[in-house]
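Spelled out from the first residue to the last, the chains are:
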Amino acid sequence: MKINKATLTFGVIGLCATLSSFQKSLVESHDSVVVSNAIMNDEIPADVKVILDQKCTSCHGEAKQKGGLRLDSMESILKGGESGPAVEFGNAKSILLTSIHSPLESDEHMPPASKPQLTEEEISTINKWICGDSLAK
Ligand code: HEC
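These remarks concern the structure in this document. What you are looking at is a predicted structure, and each value in this text was computed from that prediction instead of being measured. (Residues numbered from 1 in each chain as written. Predicted model: local features only at pLDDT ≥ 70, side-chain atom pairs only at ≥ 80, totals over all residues.)

Observations regarding the overall build of the protein chain
Of regular secondary structure, the protein chain possesses seven helices and zero strands. N-terminal to C-terminal, the α/β element order of the protein chain is α-α-α-α-α-α-α. The buried share among the 137 residues of the protein chain stands at 25%. The long-range fraction of contacts in the protein chain, counting pairs at least 24 apart against all pairs at least 6 apart in sequence, stands at 50%. (Helix = DSSP H or I, 4+ residues; strand = E, 2+ residues; numbered from the N terminus. Buried ≥ 20, exposed ≤ 12 C-beta atoms within 10 Å, placed from the backbone. Contact = placed C-beta atoms within 7 Å.)

See the structure below:
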């Protein structure tokens, strides 16, 4: 089967539904997910940090905060930008995740189409960071 962006996006959301019921109950009680994960993930994992630093923080870092968002610390990622928290662990609809899976021609697609894009491996690393092993390839 040929995998295109649409099936990938569907796949992410579909796989999100395969989270255990325990994880789902955490996701539903939104605040506790953010709090408990803020404690468990107070640092950006090294493999994710490299990706964000290479492809995102030029616009979402110390110098510029496009969309009001900084992606250079766990605290700022959880705080998020104009649209709210960029990441909610266990939630495949986290804005950071939906932005990288949006079609290239969409305004929401990140990084912007004119910039170096994430590789499949980088996307997979970010999927796994946010959604856990249910999204690992
Ligand atoms: C060349 C600059 C640039 C780069 C690089 C970039 N972005 Fe963005 N990003 C923007 C702009 C501009 C907006 C605001 C879009 C808007 O408000 O309509 C934005 C908005 C966002 C938002 C929504 C913020 C909110 O709360 O509304 C997210 C999430 C996001 N970017 C994630 C990323 C990720 C993840 C990367 C790296 C993979 C990335 N961006 C790389 C320019 C960039």
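Some remarks on the packing of helix α4 (residues 46-55) against helix α7 (residues 120-131)
At a minimum axis separation of 10 Å, α4 and α7 run at an interaxial angle of 125 degrees. Here α4 is positioned oblique relative to α7, judged by the angle of their axes. Two packed elements cross with a definite hand, and for α4 against α7 that hand is left-handed. For the pair α4 and α7, the contacting residues are Asp47, Val48 and Ile51 in the first and Glu122, Thr125, Ile126 and Trp129 in the second. (Axes fitted to C-alpha atoms, helices over the stretch in contact; angles between N-to-C directions. Parallel < 35°, antiparallel > 145°, perpendicular 65-115°, else oblique. Left-handed = near helix turned anticlockwise from the far one by under 90°.)

Some words on the environment of Asp53
Mapped onto the secondary structure, Asp53 falls in helix α4. With 19 residues separating them along the chain, Asp53 and Asp72 place their C-alpha atoms 7.3 Å apart.

A few points about α4
Three or more residues of α4 are buried, namely Val48, Ile51 and Lys55. Angularly, the buried residues of α4 cover 65 degrees about the axis, an arc narrow enough to put them on a single face. Where α4 is buried, its residues touch α7. (Arc of directions from axis to C-beta.)

Details of the nonpolar core
Counting 20 residues, the largest nonpolar core has Ala86, Val87, Leu96, Leu97, Ile126 and Ile130 as its most contacted members. Among the secondary structure elements, those contributing two or more residues to this core are α4, α6 (95-101) and α7. (Core = buried A, V, L, I, M, F, W, Y, C linked by C-beta atoms within 7 Å.)

Here's the deal with the environment of Leu96
Take Leu96: it is sitting in helix α6. Here the alpha-carbon distance between Leu96 and Asn127, two residues 31 residues apart in the chain, equals 9.9 Å. Aside from chain neighbours lying at most four places away, what touches Leu96 is Ala86 and Val87.

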